Amino acid sequence: MLDLSLKGTDLTPFSAGVDCDRLRLFALVTGEENPLFWDEAAAQARGYPSLPLPPTFLFCLEMAGPRPMEVYERLRVNYAHVLHGEQHFAYHRLAFAGETLHFKPRIVDLYEKKDGALGFIVWETRVEARDGAPVADLRSVMIVRPPQPQSGHPAPRATAPAAEPGLPGLAAGPITRHQLGLYAGASGDYNPLHIDMDYARQAGMPDVFAHGMLSAAYLARVLTRWAEPAALRRFSVRFEAITHIGDEVHCQARATGHCIEHGEPCLTLALTARNQADETKLTGTAVVAAAARSAP
């Protein structure tokens, strides 16, 4: 049972920075092809002061902070029983290598479903620049569930999902243990559920499984190779199912309409990541500024 009285609790603020070498490693591990994220000369030629942070990297900085387990410690939740449910980003401006960013996390909601069998932890983090100007707002939804013994997962059919009309998609994988270890190092997310087989089995899983944010980074690549990084206004993902060792990740995006974001005309997109058996692993949405959408 979650201690619902902790709703509204501020967590410990902290500061974090990142250098070009770490961003280059992240780009390498996630297969980023857009040189703006790994070639500082290309980024500066585009008018950026240095390498921009990829769309999901602010969450990586939060997970690599001085107290990444603080929310679970305060709630007395066993981290082995936590799964990532949703992740949302609202961007106010790009952040770049060499900056020091300030993170201010806060538990904004706690609730339960199924007579307390499932708990939901929602925290939001304001990310600010050195001068206090807003950089982004993050919203994380974590699901606490009891361990569920599993003997294994069925081998997916070796067929690629059918392509849908929309932006050019991409395929990544198959996911390997080595890939998960590399992503842990590049992102700073060392959750043992993804890299320690014994820990994963003690938590009721048949094996380690992929970080949800690895697949989210693949989905973000569909956007950043189509639109200028500075054009992205919002990016949200919902984790529908676990991505297992051996899974491929097939990412697609399609335009769904138009909207006005802070007085600015924008395009809305629907995102999907499926494995080679056409099983949906992630769904998501994005908002991209129409005027700033020139392709990299």
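Quantities reported herein were computed from a predicted structural model and do not represent experimental measurements. (Residues numbered from 1 in each chain as written. Predicted model: local features only at pLDDT ≥ 70, side-chain atom pairs only at ≥ 80, totals over all residues. Heavy atoms only, no water.)

1. Some remarks on the nonpolar core
One finds Leu53, Leu58, Tyr72, Leu101, Ile121 and Phe235 to be the most contacted residues of the largest nonpolar core, which totals 90 residues. Of the residues forming this core, the biggest block, nine residues, is contributed by helix α7 (residues 212–224). (Core = buried A, V, L, I, M, F, W, Y, C linked by side-chain atoms within 4.5 Å. Buried < 20%, exposed > 50% of the residue type's maximum accessible area, 1.4 Å probe, protein only. Helix = DSSP H or I, 4+ residues; strand = E, 2+ residues; numbered from the N terminus.)

2. Regarding the sheet that holds strand β9 (residues 264–274)
One open sheet holds the ten strands; their spatial order is β1-β3-β4-β5-β2-β7-β10-β9-β8-β6, and the pairing between them is antiparallel. Whereas interior strands pair on both sides, the edge strands pair on one side only; in this sheet they are β1 (14–17) and β6 (170–172). Here the strands of the sheet are splayed against their neighbours by 25 degrees on average, with no regard to which way each runs. For strand β2 (residues 82–91) and strand β7 (residues 232–239), the ladder comprises five bridges, and the chain directions are antiparallel. Looking at the pairing, histidine 88 lines up with serine 236 of β7. Packing against the sheet, α7 makes contact with β2, β6, β7, β8 (249–261), β9 and β10 (280–289), and its axis sits at approximately 140 degrees to β7. (Pairing = 2+ DSSP bridges. Axes fitted to C-alpha atoms, helices over the stretch in contact; angles between N-to-C directions. Contact = heavy atoms within 4.5 Å.)

3. Quick look at unusual backbone geometry
In terms of backbone geometry, most residues other than glycine have negative phi values and most peptide bonds are trans. Between glycine 173 and the following residue, proline 174, the backbone shows a cis peptide bond with an omega angle of 10 degrees. Phi at lysine 114 is positive, roughly 55 degrees, even though this residue is not glycine. For aspartate 278, which is not a glycine, the phi torsion comes out positive at approximately 70 degrees. Within the fold, aspartate 278 resides in the loop between β9 and β10. For aspartate 278, a relative accessible area of 41% corresponds to the partly exposed category.

4. Let's talk about the pairing of strand β3 (residues 100–113)
Bridge count for β1 against β3 is four bridges, and the pairing is antiparallel. Bridge assignment links serine 15 to a residue of β3, and that residue is histidine 102. Pairing of β3 with strand β4 (residues 118–128) involves eleven bridges; the strand directions are antiparallel. Among the inter-strand pairings, arginine 106 is bridged to a residue of β4, identified as glutamate 124. What sits between the antiparallel neighbours β3 and β4 is a turn of four residues, in which lysine 114 has the positive phi angle 55 degrees.

5. Points about the confidence of the model for the chain
In the predicted model, the chain carries a mean pLDDT of 90, and 92% of its residues have values of at least 70. Per-element confidence in the chain ranges from a low mean pLDDT of 88 for helix α6 (residues 197–202) to a high of 97 for β7. (pLDDT = per-residue confidence, 0-100.)

6. Remarks on helix α5 (residues 177–187)
Taken as a whole, α5 has its buried residues at Gln179, Leu180, Tyr183, Ala184, Ala186 and Ser187. Contact partners of the buried residues in α5: α1 (20–30), α3 (57–63) and α7. One or two positions beyond α5, positive phi appears at glycine 188, with a value near 85 degrees.

7. Side note on the pattern of salt bridges
Enumeration over the complete set of coordinates arrives at 21 salt bridges. When the shortest N-O distance is used, the salt bridge between lysine 281 and aspartate 247 registers 3.7 Å. Taken together, the residues lysine 281 in strand β10 and aspartate 247 in the loop between β7 and β8 connect sequence positions 34 residues apart. Residues lysine 281 and aspartate 247 agree in their burial class; the two are buried. Among the charged side chains, a network of salt bridges with common partners joins Arg67, Glu70, Glu73 and Arg74. (Salt bridge = Lys/Arg side-chain N within 4 Å of Asp/Glu carboxyl O.)

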